2 protein chains.
Amino acid sequence: MTSTRATPLERLADVLADDMAQVNALIRARMMSENAPRIPEVTAHLIEAGGKRIRPMMTLAAARMCGYEGDAHIKLAATVEFIHTATLLHDDVVDESAKRRGRPTANLLWDNKSSVLVGDYLFARAFQLMVEPGNLRALSILSNAAAVIAEGEVLQLTAAQNLATTEATYMQVIRGKTAALFSAATQVGPVIAGSPEAQVQALYDYGDALGICFQIVDDYLDYGGAGDGLGKNLGDDFRERKLTLPVIRAIAAADATERTFWERTIGRGQQQDGDLDHAMTLLTRHGALASTRDTARHWAAQARKSVAALPDHPLRDMLADLADFVVARVN
Amino acid sequence: MTSTRATPLERLADVLADDMAQVNALIRARMMSENAPRIPEVTAHLIEAGGKRIRPMMTLAAARMCGYEGDAHIKLAATVEFIHTATLLHDDVVDESAKRRGRPTANLLWDNKSSVLVGDYLFARAFQLMVEPGNLRALSILSNAAAVIAEGEVLQLTAAQNLATTEATYMQVIRGKTAALFSAATQVGPVIAGSPEAQVQALYDYGDALGICFQIVDDYLDYGGAGDGLGKNLGDDFRERKLTLPVIRAIAAADATERTFWERTIGRGQQQDGDLDHAMTLLTRHGALASTRDTARHWAAQARKSVAALPDHPLRDMLADLADFVVARVN
C-alpha cells in the first residue's frame, strides 16, 4: 500500500490507518441516539456512503507531524467530520439535491425535516466532542469555523443568480463554505501539540489554500469534468444558477448577446435544452475553464509552499503531494 | 414597576434590566454579518418581534442569586437566546409555520433556505459565545443541551402522527425540545458562580421543571386557550398532527368510534371542517384538558420546591412565583 504508485490520499490513509479507525469508531458511537432512531439511520446513510474522510485526515496528519501523542486529535477529527456531515445534510436541503456520493440524498429518502433536524443534531454532537479535550484555543478555532461556514453558505445563497457577483465575493463564499473547515482541521493539529506559532500559521495557510484549491477544482469539474464517479452531475451548478469562477469569468468577458444568455439562464433561471452546451461553448471561447484551472494550480502551489515552512516529516511531504493530487483532477 | 401587582416576569425584568440591556446589545452585535446582510435581516425579524427573553433571564437570575459578579453570565445568556432563536427558525421550517410571535415567519418572508442557513449561523454564533468565558463545565452543559434539543425535535418528528405515542415518549420530547434549554440556562448560573453542587442541582431541577411546565401549558393552550395574543392559533398542533399530552390522554381513553376519528385526523391527516371542534369535545369528555392542567400544576409545584433549597434571595422568590405565573395561564 505504501508503494510509490499509491495516490497521496492513499498513502495518508495508510499511515494514519490506526488513528482513522479510532475516528471511525468514535463517529459511529456518537451518531447513535437511543431515543430517536431516525438520527443514526439518516447519518449512516451519508457517513457510510464512502466519503473520503479527507478533512479528519487533515487533523490527524497535522497533529502527528507536529509530534502530538495524546488522543485529543481523534475527537477533533471526528468533530470536523460531524461538522462536514451536518453541512452536507443542510446543503442538500438548500440546493434541493437528489444525489450525493452517488446515492439518493437524505432529503429525498426521508424528508427535508429529517435532514434539517439530524443536521442540527450532528452540529451539536460536533460541539460536544470538541469540548471534551478541553483545549480552549481549539474550541475557538472550530466554533469560528462553524460560523464562517454558515456565513459563506448564506452569502452563496444571496449571491446565486446575481450576475454582478465578483471574484472577491466568490472567494469569500468558498473560503467560508469550504476552506474554513480545511484550515480549522489542519490548524488544530499544531494547537493541541503546543507547536510554535509559525507552525500553527503554516498549517492554517496550508488548509486554507488546499480548501480553496479543492473548491475551485470542484467548480471547474462541474463544467469541465467528464463524470468523475463522485455522484455529481455535469452542469449541477448551472442548473442551480450558482455564480462559480468559470461563469464569473465568462460573464466578465461576455458581449451583449452572451450577456443576454447569462441573464436568461442564470439571472432568471429560464433554461432549456442545449443551454448547458452553449454555456460550455462560451466558457471555452473566453478561456474561462483554462484560467480557472490556472487559478486552481496557483492555490495548489500555495498549499505546497505553506508546508515547506514545517520541519521535515514524511506526513509533510504527503500533504504537499496531496495539493498536487487535488489539482491533478483538472489536468 | 416593582409594585406587587407586576407579574413575576415583569419583576424579574425590572431587577435584571441592566444585565438584560447588555445581553440585548451583545445579541445585536453578534447577529451582524458584514459579508452576508441576509443574516441580520432574518435574525432581526425574529429577535426584534418581542420575544419575552425568558431563557436568558433565567441565566442572569441564576447567576445573580448565586452571587456571581463577573460578566460571563451576559455571554452565556446571549448564547441561550441564540440557541433558542436558531431552533425557532428551524422549527418553523419543519412545521411549515406561517406565523410566529404574531408576525409572518422568516421561512414565509424569505424562504426555507434562508431559515436553515441563518439558523446554522446563529447556532455557530452561540457556540462562539459560549467558548469565550472559557468555563469548560458551562460549555459542556450548553453543548449537551443543544444535542438533547435536536434529539427531542427528531423524536417529535418521528412520533408525530403515531397514535401509539406514550406519555413517556411525550415527556422525552418536551424535555428535549423545551426543558433542556431551560435547565441548561439556569444551571450555568451557579456553575460560573462556583456555587456548591446542591445549588447547581437545585437550579438544574428548577429549570427542568419550569421548562416541562411551560411546554405542557403551551400544549394545553393549543386546545384550551382562547387566543392568547402570542400569535399562536388554536388547533395548530391538531393540524400538524402532533401527539401532545391532551391528545395522548384522550386517545388512551377512546372507545372504538373515537379511535377511528383519531386515526383518520391525526394518524392519516385527513381533516375536514368541524374536526377540531369534535377533537375538543373528546378532550373534554375524557377530562384530558383538566388532567393536563393538573400535570402542569404538578410541575409548577416541583419548580417551586426546587428553588426552596437555595439560600434566601429576592430573585429566588421571583423564580418561585414565575412557576405559578406560567401555570396560571391555564387557570
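Structure shown above.
Okay, so let's go over this structure. (Residues numbered from 1 in each chain as written. Chains lettered and ligands numbered in written order. Predicted model: local features only at pLDDT ≥ 70, side-chain atom pairs only at ≥ 80, totals over all residues. Heavy atoms only, no water.)

1. A word on the nonpolar core
Within soluble globular proteins, side chains that are nonpolar generally end up buried alongside one another. Ranked by size, the top nonpolar core spans 243 residues in total, and within it Leu12, Met58 and Trp262 of chain A together with Leu12, Met58 and Trp262 of chain B carry the most contacts. For Met58 of chain B, the contacting residues outside a window of four places in its chain are Leu12, Phe182, Ala185, Thr186, Tyr206, Leu210, Leu319 and Leu322 of chain B. (Core = buried A, V, L, I, M, F, W, Y, C linked by side-chain atoms within 4.5 Å. Buried < 20%, exposed > 50% of the residue type's maximum accessible area, 1.4 Å probe, protein only. Contact = heavy atoms within 4.5 Å.)

2. Observations regarding the packing of helix 3 (residues 38-47) of chain B against helix 5 (residues 72-94) of chain B
All names here are of chain B. Here helix 3 crosses helix 5 at 100°, and the two axes come no closer than 11 Å. For the element pair helix 3 / helix 5, the angle class is roughly perpendicular. Of the residues in helix 5, those touching helix 3 at Val42, Leu46 and Ile47 are Thr85, Leu88 and Leu89. Residues that form the contact of helix 3 with helix 5 fall into these classes: five nonpolar, one polar and no charged. (Axes fitted to C-alpha atoms, helices over the stretch in contact; angles between N-to-C directions. Helix = DSSP H or I, 4+ residues; strand = E, 2+ residues; numbered from the N terminus. Parallel < 35°, antiparallel > 145°, perpendicular 65-115°, else oblique. Nonpolar A, V, L, I, M, F, W, Y, C, P; charged D, E, K, R; others polar.)

3. Notes on the packing of aromatic side chains
Residues and elements named next belong to chain B. Counted according to the given criterion, the structure contains six aromatic pairs over all chains. A centroid spacing of 5.3 Å and a plane angle of 45° characterise the contact between Phe182 and Phe214, whose relative ring orientation is tilted. Of this pair, Phe182 sits in helix 9 (residues 167-193) while Phe214 sits in helix 10 (residues 197-224), placing them 32 residues apart in sequence. Note on accessibility: Phe182 and Phe214 belong to one class, buried. (Phe/Tyr/Trp six-rings, centres within 6.5 Å; stacked < 30°, edge-to-face > 60°.)

4. Here we look at the pattern of salt bridges
Residues and elements named next belong to chain A. Considering all chains together, one arrives at 36 salt bridges over all chains under this definition. Between Asp236 and Arg239 there is a salt bridge, with its nearest N and O atoms 3.3 Å apart. On the criterion of helical spacing, the pair formed by Asp236 and Arg239 is a turn pair, its members being three residues apart in helix 11 (residues 236-239). Residue Asp236 is classed as buried on the basis of its relative accessible area of 18%. Taking relative accessible area as the criterion, Arg239 reaches 43% and is therefore assigned partly exposed. Among the ionic pairs, Arg285 bridges to Glu258, the shortest N-O distance being 2.6 Å. With Arg285 in helix 14 (residues 275-285) and Glu258 in helix 13 (residues 256-267), this residue pair connects regions lying 27 residues apart in the sequence. (Salt bridge = Lys/Arg side-chain N within 4 Å of Asp/Glu carboxyl O.)

5. Quick notes on helix 13 of chain A
All names here are of chain A. Within helix 13, burial applies to Glu258, Phe261, Trp262, Arg264, Thr265 and Ile266. Across the axial projection of helix 13, the buried residues extend over an arc of 165°, all falling on one side. Between the side-chain oxygen at the start of helix 13 and the backbone nitrogen of Thr257 there is a gap of 3.1 Å, and the oxygen is on Asp255. Downstream of helix 13 by a residue or two, Gly269 has a phi angle that is positive, lying close to 70°. (Arc of directions from axis to C-beta. Polar contact = N/O pair within 3.5 Å; in protein donor to acceptor, adjacent residues only side chain to side chain.)

6. With respect to the environment of Ala150 of chain B
For Ala150 of chain B, the position within the fold is in helix 8 (residues 136-159). Residue Ala150 of chain B is classed as buried on the basis of its relative accessible area, which comes to 5%. Sequence-wise, Ala150 of chain B and Glu96 of chain B are 54 residues apart; in three dimensions their C-alpha atoms are separated by 17 Å. Setting aside its immediate chain neighbours within four residues, Ala150 of chain B contacts Leu117, Asp120 and Tyr121 of chain A.

7. Quick word on the environment of Arg103 of chain A
All names here are of chain A. Examined against the element boundaries, Arg103 turns out to sit in strand 2 (residues 103-104). By relative accessible area, which is 31% here, Arg103 ends up partly exposed. Put simply, Arg103 and Ala49 are 54 residues apart on the chain and 7.6 Å apart in space, counted from C-alpha to C-alpha. Contacts of Arg103, omitting those with residues within four sequence positions, involve His45, Glu48, Ala49 and Ala98.

Keep in mind these numbers describe shape, not what the thing actually does.
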